[in-house]
Amino acid sequence: MKLPFIDRIWRVKGSLTLEAPLSQEDAFDKLDPLFQTHGTSYQIEGETLKFRKHNPAAQDKLATFTRGSLRVVNREGRSELTYDLTSPALLACFLAPLLFLAFGQATIAIGEYEKSKTEARGDSGKDSEKSEKEDKEIKLHPIDIALGAPEPKKPDKKDEEEEDKFSPKAANILAAIFAALYLGGRMLEPWLIKSTFRKKLSGIPLTSDGKPIDRIEEQL
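**A closer look at unusual backbone geometry**
Phi at asparagine 55 takes a positive value of approximately 50 degrees, unusual for a residue other than glycine. Within the secondary structure layout, asparagine 55 lies in the loop between β3 (48-53) and β4 (67-75). On the basis of relative accessibility, which here comes to 60%, the residue asparagine 55 falls in the exposed class.

**Some remarks on the pattern of salt bridges**
Per the stated rule, a full pass over the model turns up four salt bridges. Close ionic contact of aspartate 84 with arginine 11 constitutes a salt bridge, the shortest N to O distance being 2.3 Å. Here the residue aspartate 84 occupies a position in strand β5 (residues 78-86), and arginine 11 occupies one in strand β1 (residues 11-17), the gap between them amounting to 73 residues. A relative accessible area of 22% means that arginine 11 is categorised as partly exposed.

**Section: helix α3 (residues 88-120)**
Here α3 is 33 residues long and its end C-alpha atoms lie 48 Å apart, about the 48 Å a rise of 1.5 Å per residue gives. Listed as buried for α3 are Leu90, Cys93, Ala96, Pro97, Phe100, Gly104 and Gly111.

**Digging into the nonpolar core**
Grouped together as the largest cluster of nonpolar side chains are 26 residues, with contacts concentrated most on Leu31, Leu70, Leu81 and Phe197. The set of elements that each furnish at least two residues to this core consists of α1 (4-10), β1, α2 (24-35), β3, β4, β5, α3 and α7 (169-202). For this core, the element with the most residues is α2, which contributes five residues. Ignoring anything within four residues of it in the chain, the contact list for leucine 70 reads Phe28, Leu31, Phe35, Glu47, Thr48, Leu49, Phe51, Leu81, Thr82, Tyr83 and Phe197.

**Here we look at the packing of α3 against α7**
The relative placement of two packed helices is expressed as an angle between their axes plus a distance between the axes. Where α3 meets α7, the axes come as close as 8 Å, and the angle between the chain directions of the two elements is 160 degrees. Here α3 is positioned roughly antiparallel relative to α7, judged by the angle of their axes. The two elements α3 and α7 cross, and the hand of that crossing is left-handed. Where α3 abuts α7, its residues Leu90, Cys93, Phe94, Ala96, Pro97, Phe100, Leu101 and Gly104 lie against Ala171, Asn172, Leu174, Ala175, Phe178, Ala179, Leu181, Tyr182, Gly185 and Arg186. Here the residues of the contact of α3 with α7 sort into 14 nonpolar, three polar and one charged.

Cut-offs used in this document
Once a new chain begins, its residue numbering starts again from 1 and follows that chain's sequence as written. This being a predicted model, a pLDDT of at least 70 is required before a residue's local features are given, and a value of 80 or more before pairs of side-chain atoms are given or counted; all residues contribute to the totals for chains, interfaces and linings. Note that the side-chain values use all heavy atoms of the structure and ignore hydrogens as well as water. The way it works is that DSSP assigns letters per residue, a run of H or I at least four long becomes a helix, a run of E at least two long becomes a strand, and they are numbered from the N terminus. Each residue is assigned to one of three classes by its accessible area relative to the maximum for its type, calculated with a 1.4 Å probe on protein chains only: buried under 20%, partly exposed between the two thresholds, exposed over 50%. Any Lys or Arg side-chain nitrogen found within 4 Å of a carboxyl oxygen on Asp or Glu counts as a salt bridge. To estimate the expected span of a helix, subtract one from its residue number and multiply by 1.5 Å. For our purposes a nonpolar core is just a set of buried Ala, Val, Leu, Ile, Met, Phe, Trp, Tyr and Cys residues, chained together by side-chain atoms within 4.5 Å. By definition, residues are in contact when any of their heavy atoms lie within 4.5 Å. Inter-axis angles, ranging from 0 to 180 degrees, are taken between N-to-C directions of lines fitted to C-alpha atoms, where helices are fitted over the stretch in contact. Roughly parallel means an angle under 35 degrees; roughly antiparallel means over 145; roughly perpendicular covers 65 to 115; every other angle is labelled oblique. Each crossing gets its handedness from the near helix: less than a right angle anticlockwise from the far helix is left-handed, clockwise is right-handed. Nonpolar residues are Ala, Val, Leu, Ile, Met, Phe, Trp, Tyr, Cys and Pro. Charged residues are Asp, Glu, Lys and Arg, and all others, Gly as well, are polar.

See the structure below:
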């Protein structure tokens with residue numbers, strides 16, 4: 001069963017039209033350095049190159065994608081590279097916010113449960129005596145009362161500590177961070193991989209904005 005909308009979460013599909021026609025053999029030869037890295041294995045089956053990566057190094061330009069397939073097809077005198085890549089890193093960044101939001105909701109539920117338990121045993125004699133003692137300690141001076149000063153309310157530190165203890169704030173922050181990482185990676189990674197393929201297949205070094213260096217030098 002194919003689920004294209006779900007597959008799009010962690011898969012990157014695209015195509016790249018080459019400036020100069022290339023045979024399949026020449027194209028794969030130029031792409032070969034990308035697969036001569038630690039933990040990478042690949043094989044060519046007909047017109048398709050399939051690769052897998054196990055624990056790739058951080059400097060590996062394809063480190064984000066652990067497996068994928070590439071094809072070079074010639075149409076009307078033009079060569080086109082098509083690719084289908086899978087990224088567990090994108091999937092992890094997509095699922096992490098959901099996990100942390102679930103933790104946040106579980107924290108709220110535990111807090112409500114603990115609060116109900118505290119309220120249930122809040123009628124004990126010791127608590128009543130303690131409450132009366134605290135009420136006496138926060139009474140205003142007679143002069144302040146005569147001047148019409150409002151009676152201060154003593155904050156319940158215990159309640160504040162309990163609220164902080166069962167607050168979902170930390171989980172929500174982590175969920176937001178991973179959501180931002182996923183959105184950034186989902187937009188950036190397809191552009192980076194396409195730029196990498198273009199650079200390898202053209203054989204011309206590119207600047208950070210994708211312009212060939214030799215053309216810039218000619219303009220200068």
